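Understanding the architecture of this molecule
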Amino acid sequence: MTTSMGRNMFDGYIICGTPRTGSTLLCKLLESARTAGTPHSFYRRQDVSEWAEEWKLPDRDTMSELEFNAAYLNAAIAAGKGGTGIFGLRLMRENLDELSAILDQIFPQLPSDRARLEKAFGRILCIHLSREDKLAQAVSLIKAEQTGLWHIAPDGTEIERVAPPKEPQYDFERIRREVTELETYDAAWNIWFAEQGISPLRVGYERLAANPAATLLGICEALGVRAPDAEDVSPGVAKLSDDTSLDWMRRYRLDAAVRRIGRMRAMPSSPPPSR
């Protein structure tokens, strides 16, 4: 699926996600294809300084904000292509507005987020990566935050740990708040797609986790790039869900039901109808 001139259908893509939707798995799969760029969270604000140092950009104090943002954008595009013909970016909804403001500084007076993204990255495909089971997503996120362990390899070795090991603690209110926030972020993506006139390619975590090869091949087809043989596709990360995750979900559903019953019993009963 390329144009008559042999060019890709898209110049780049943005994985539009929320935490714990399998975005790291998807990024590693796309990178392993060797034709679809090397997507990373280049515009996660906590990582900007680290990326700038890796790319050997001049110190921010030696140039203006505009100069730094323009240099960073060029370096991010090169890194996101990874020697291929297509750029990849992972973007959480919470970082979208900040990226748009940066691009508005570099390319002022454009009418929309979509126009700014296309000016920066060319023809882009938005891939909406979401997770149907928001409770499982919230539990996964809270466990990662509490234990410090975010990703493991298929053989069980740790890939990403950000804090010393710590036992996770069940917290009903924290899970409830996280479920609500994740639902809000996912809905915000859909609102943004509608506002920008974007029809995203929708990828569900559940299908991605169950059949990574089929998901990767489908995305490569949508992008118009050569896909690897399905038998050569090997997931780079494994699920962290365990008995603790299942126990937390069971307890949460039970606690939520108990609270609903308590609220119903606390409601004043209706007076009998007058005769």
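One structure accompanies this document, and this report is about it.

Thresholds applied
Just so you know, the residues in each chain are numbered from 1, in the order the chain's sequence is written. With the structure being a predicted model, the display of local features is reserved for residues of pLDDT at least 70 and the display and counting of side-chain atom pairs for 80 or more, all residues being used for whole-chain, interface and lining totals. With hydrogens and water stripped out, all remaining heavy atoms of the structure feed into the side-chain values. Note on classification: 1.4 Å probe, protein chains only; a residue is buried when its accessible area is under 20% of the maximum for its type, exposed when over 50%, partly exposed between these limits. Only runs of H or I of at least four residues qualify as helices and only runs of E of at least two qualify as strands under DSSP, and these elements are numbered from the N terminus. A pair of strands counts as paired when DSSP detects no fewer than two bridges linking them. Axis definition: a line fitted to C-alpha atoms, limited for helices to the stretch in contact. Angles are taken between N-to-C directions and run from 0 to 180 degrees. For classification purposes, an angle smaller than 35 degrees is called roughly parallel, one larger than 145 roughly antiparallel, one from 65 to 115 roughly perpendicular, and anything else oblique. Throughout, a residue-residue contact means that at least one pair of heavy atoms, one from each residue, lies within 4.5 Å. By the convention adopted, Pro, Cys, Tyr, Trp, Phe, Met, Ile, Leu, Val and Ala count as nonpolar, Lys, Arg, Asp and Glu as charged, and the other residues, Gly among them, as polar. When the centres of two rings from Phe, Tyr and Trp lie within 6.5 Å, Trp using its six-membered ring, the rings pair. Their planes under 30 degrees apart give stacked, over 60 give edge-to-face, and anything left gives tilted. Charge over a ring is defined by NZ of Lys or CZ of Arg lying within 6 Å of the ring centre and within 35 degrees of the ring normal.

Residues in a regular strand point their side chains to alternate faces of the sheet. Most of strand E2 (residues 87–92) sits inside the fold, with six of its six residues counted as buried. A two-sided burial pattern is seen for E2, the buried positions comprising Phe87, Leu89 and Leu91 on one face and Gly88, Arg90 and Met92 on the other. Pairing geometry for strand E1 (residues 12–17) and E2, over six bridges, is parallel. When the bridges of E2 are listed, Ile15 appears paired with Arg90.

The N-to-C vectors of helix H3 (residues 65–81) and helix H4 (residues 93–106) enclose an angle of 110°; their axes lie 9 Å apart at closest approach. It follows that H3 is roughly perpendicular to H4 by the angle criterion. Together, Glu65, Leu66, Asn69, Ala70 and Leu73 of H3 and Ile102, Leu103, Gln105 and Ile106 of H4 make up the contact between the two elements. Of the residues in the contact of H3 with H4, the class split is six nonpolar, two polar and one charged.

Take the packing of aromatic side chains next. Scanning the model with the defined rule gives 13 aromatic pairs in all. Taking 4.7 Å as the distance between ring centres and 25° as the angle between the ring planes, the aromatic pair formed by Phe172 and Tyr252 counts as stacked. Taken as a pair, Phe172 in helix H7 (residues 172–196) and Tyr252 in helix H10 (residues 243–266) lie far apart in primary sequence, 80 residues in all. For Phe172, a relative accessible area of 8% gives the class buried. Pairwise contacts between aromatic rings join Phe42, Tyr43, Trp51, Trp55, Phe68, Tyr72, Phe87 and Phe121 into one cluster. Lying over the aromatic face of Phe68, Arg60 brings its terminal NZ or CZ to 4.0 Å of the ring centre. Against the face of Trp189 rests Arg93, its NZ or CZ located 5.8 Å from the ring centre.

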